[in-house]
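Breakdown of the fold
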Amino acid sequence: SDVPASPCRSCPAGMFSSQDGPTACTICELGTFSTFPASPTCSRCPPGTYAVSASVSCVLCPRGYYCTAGLRRACPTNTF
């Protein structure tokens, strides 16, 4: 008897899977991103940018914040 083919699906951008076979996609953590579907890893945002979880790109750090390691932090009081 014929066994119907089962279509494989890629993890969407903003997620990754480093394993072959039946596995779940993992959301890119804060400070990381994946631009393309089927990514095996997430990339760290460059200095001066940040990303929220499940990001497909990094965003420029806004005024009043500083961004290191892909994370956004508020500037201390009386600084900018």
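Before any of the text, the structure's been laid out above.
Report follows, based on the coordinates.

Conventions and cut-offs
- Residues numbered from 1 in each chain as written.
- Predicted model: local features only at pLDDT ≥ 70, side-chain atom pairs only at ≥ 80, totals over all residues.
- Heavy atoms only, no water.
- Helix = DSSP H or I, 4+ residues; strand = E, 2+ residues; numbered from the N terminus.
- Rg over C-alpha atoms; globule rule 2.2 N^0.38 Å.
- Buried < 20%, exposed > 50% of the residue type's maximum accessible area, 1.4 Å probe, protein only.
- Contact = heavy atoms within 4.5 Å.
- Areas by Shrake-Rupley, 256 points an atom, 1.4 Å probe, with all protein chains shown as cover.
- Phe/Tyr/Trp six-rings, centres within 6.5 Å; stacked < 30°, edge-to-face > 60°.
- Lys NZ or Arg CZ within 6 Å of the ring centre and 35° of its normal.

**Structural notes on the overall build of the protein chain**
- In terms of helices and strands, the protein chain carries zero helices and eight strands.
- Counting from the amino terminus, the protein chain carries its helices and strands in the arrangement β-β-β-β-β-β-β-β.
- Relative to the globule expectation of 12 Å for 80 residues, the C-alpha radius of gyration of the protein chain, 17 Å, shows a markedly less compact shape.
- Seen along its three principal axes, the alpha-carbon backbone of the protein chain occupies a region of about 75 × 15 × 15 Å.
- Residue burial in the protein chain is summarised as follows: out of 80 residues, 22% are buried.
- For the protein chain, long-range pairs separated by at least 24 residues make up 23% of all intrachain contacts whose partners lie at least 6 apart in sequence.
- Element-wise, carbon and sulfur atoms account for 58% of the exposed surface of the protein chain, whose accessible area totals about 6000 Å².

**Some thoughts on the packing of aromatic side chains**
- Applying the stated criterion across every chain yields a total of zero aromatic pairs.
- In this structure, Arg 72 is placed above the aromatic ring of Tyr 65, and the distance from its NZ or CZ to the ring centre is 4.5 Å.

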